[in-house]
Amino acid sequence: MPSRRVLLRGAIAGAVAVGVTAASGCGIQLEQDAPIPFITRRPMPDEGALLTAYRDVSQLAAEAARTAGPHGAAISARHTRQRAVLEQVLRDGGVPDDVLARALATPTSSTAPTGSTGVAPSPAASSSASVGGATPEATAGRPEDLATAELALVAPERLRRLADSGPARGLLIALSVHAGATGLGLGGAPAWPADAGGLLLDEVAARPVLTAMAGLAYVTELAAARTPAGSRAPLVELVARVRARERRIRAIAGQGLVVPPYGFGSPAAITDAGAGHSAVRAALVDVVDVALRSIAALAPGSTALEPLVRTAVEALVDATAYGHPMPTFPGMTD
């Protein structure tokens, strides 16, 4: 059984990494005193966006490590894992150490350029860039500040830039969904864009998401029916949230798209509250996975990316509330 690192790298290396050809194997000889020509490194695909993500998760790992409360250490560990994977992807793509160092030394900015590197040199490293960066004299951070920092990764301008990304989009979206769900779970309020209206999703992208949501609503209603009345309120509230999310997706899907309100099943028989709890958790995870698969099928620059990311984030928050562990890379093997 390959390790989780091998599985993750295998899933993204073919899409992100680029080959490096050695000049020594070309059979070209220079005279002893001939000048060595200047060789310009060719950036790897999505290098700027990957470097920005590398900086972001490094700073989030440090901030989470010094955040008060029961969740800071676990959040920091996930971001540290993300940093390690991103660093390996960048190294596999031929990005040198000095470029990685400059990425960490660049303060976080929502307006950072996304050209060949996406980062600018800085004379000093940010104090929050070191993983596990709490110093003995550092004061504990507030969970609400960490929530704000996490939710910056799903700010509208960030998601719009991700819509234009190339082969690394799946990895970058997974990081954004993780950050959004983490920030929302900490009590933060995301700055989701206003509902755009109009046709953003074609049937290929919309139908699986709406089907998964309808299945979730069915399973949740069935679980509520098998739950004692005194414990039923959270399930009733979840159904209301799911129906509202369905309406939001329908508003940007084709007018003729119909998802029949029947034919859904449960992964296991729901005979009591415990079985219902497990079935709801599985159905929520299915919504996350389906939304992320629909994102992968979007054309570059599609404005449908933002509402689908929101769908995945909100379903993941609910799934963790029902006992699903927060994945380090939602939608990917990690």
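See above for the structure.
Not measured: the values here are computed from a predicted model. (Residues numbered from 1 in each chain as written. Predicted model: local features only at pLDDT ≥ 70, side-chain atom pairs only at ≥ 80, totals over all residues. Heavy atoms only, no water.)

### Examining the packing of helix 3 (residues 72–92) against helix 7 (residues 169–185)
This is how it is decided: Convention adopted: a line fitted to C-alpha atoms gives each axis, helices being fitted over their contacting stretch, and angles between N-to-C directions are expressed from 0 to 180 degrees. Secondary structure follows DSSP: runs of H or I at least 4 residues long count as helices, runs of E at least 2 residues long count as strands, and numbering of each begins at the N terminus. To sort the angles, those under 35 degrees are grouped as roughly parallel, those over 145 as roughly antiparallel, those from 65 to 115 as roughly perpendicular, and the leftovers as oblique. Helix crossings get a hand from a simple test, with the near helix turned counterclockwise from the far one by less than a right angle marking a left-handed crossing and a clockwise turn marking a right-handed one. Whether two residues are in contact is decided by their heavy atoms: any pair within 4.5 Å suffices. As a working rule, the residues Ala, Val, Leu, Ile, Met, Phe, Trp, Tyr, Cys and Pro are called nonpolar, Asp, Glu, Lys and Arg charged, and the rest polar, with Gly in that last group.
Between helix 3 and helix 7, the shortest axis-to-axis distance is 12 Å and the interhelical angle comes to 165 degrees. One finds that helix 3 runs roughly antiparallel with respect to helix 7. When you trace helix 3 past helix 7, the crossing you get is left-handed. Residue-level inspection shows Ile75, Arg78, His79, Gln82, Leu86 and Val89 of helix 3 in contact with helix 7, the latter providing Leu171, Leu175, His178 and Thr182. When its residues are assigned to classes, the contact of helix 3 with helix 7 shows 5 nonpolar, 4 polar and 1 charged.

### Some details on the pattern of salt bridges
We count it as follows: Basic side-chain nitrogens of Lys or Arg form a salt bridge, by our definition, when they fall within 4 Å of a carboxyl oxygen of Asp or Glu. Exposure categories follow from relative accessible area, calculated using a 1.4 Å probe and restricted to protein chains: below 20% of the type maximum is buried, above 50% is exposed, and the middle band is partly exposed.
Tallied over the full model, the rule gives 16 salt bridges. Arg142 is the partner of Asp145 in a salt bridge, and the nearest nitrogen-oxygen pair spans 2.9 Å. By relative accessible area, which is 33% here, Asp145 ends up partly exposed. Put simply, Arg241, Arg245, Arg248, Arg310, Glu314 and Asp318 are held in one network by salt bridges that share partners.

### Structural notes on unusual backbone geometry
Both trends apply: most residues other than glycine have a negative phi, and most peptide bonds are in trans. Here the phi dihedral of Asp46 falls at roughly 60 degrees; this positive angle occurs in a residue that is not glycine. Structurally, Asp46 can be placed in the loop between helix 1 (4–16) and helix 2 (47–65).

### Regarding helix 9 (residues 233–250)
Since there are 3.6 residues in each turn of an α-helix, residues three or four apart along the chain are aligned in direction. Applied cut-off: Here the expected span of a helix is defined as 1.5 Å times the quantity of residues minus one.
For helix 9, with 18 residues, the first-to-last C-alpha span of 26 Å sits near the 26 Å given by 1.5 Å per residue. Within the span of helix 9, buried status applies to Leu235, Leu238, Val239, Val242, Arg245, Glu246, Arg248 and Ile249.

### Some words on the nonpolar core
Here is the rule: Put simply, a nonpolar core is a bunch of buried Ala, Val, Leu, Ile, Met, Phe, Trp, Tyr and Cys residues held in one set by side-chain atoms that sit within 4.5 Å of each other.
If you look at the biggest cluster of nonpolar residues, it comprises 78 residues, and the most contacted ones within it are Leu50, Leu201 and Val309. Counting 6 residues, the second largest nonpolar core, distinct from the first, contains Leu60, Ala64, Ile75 and Leu153.

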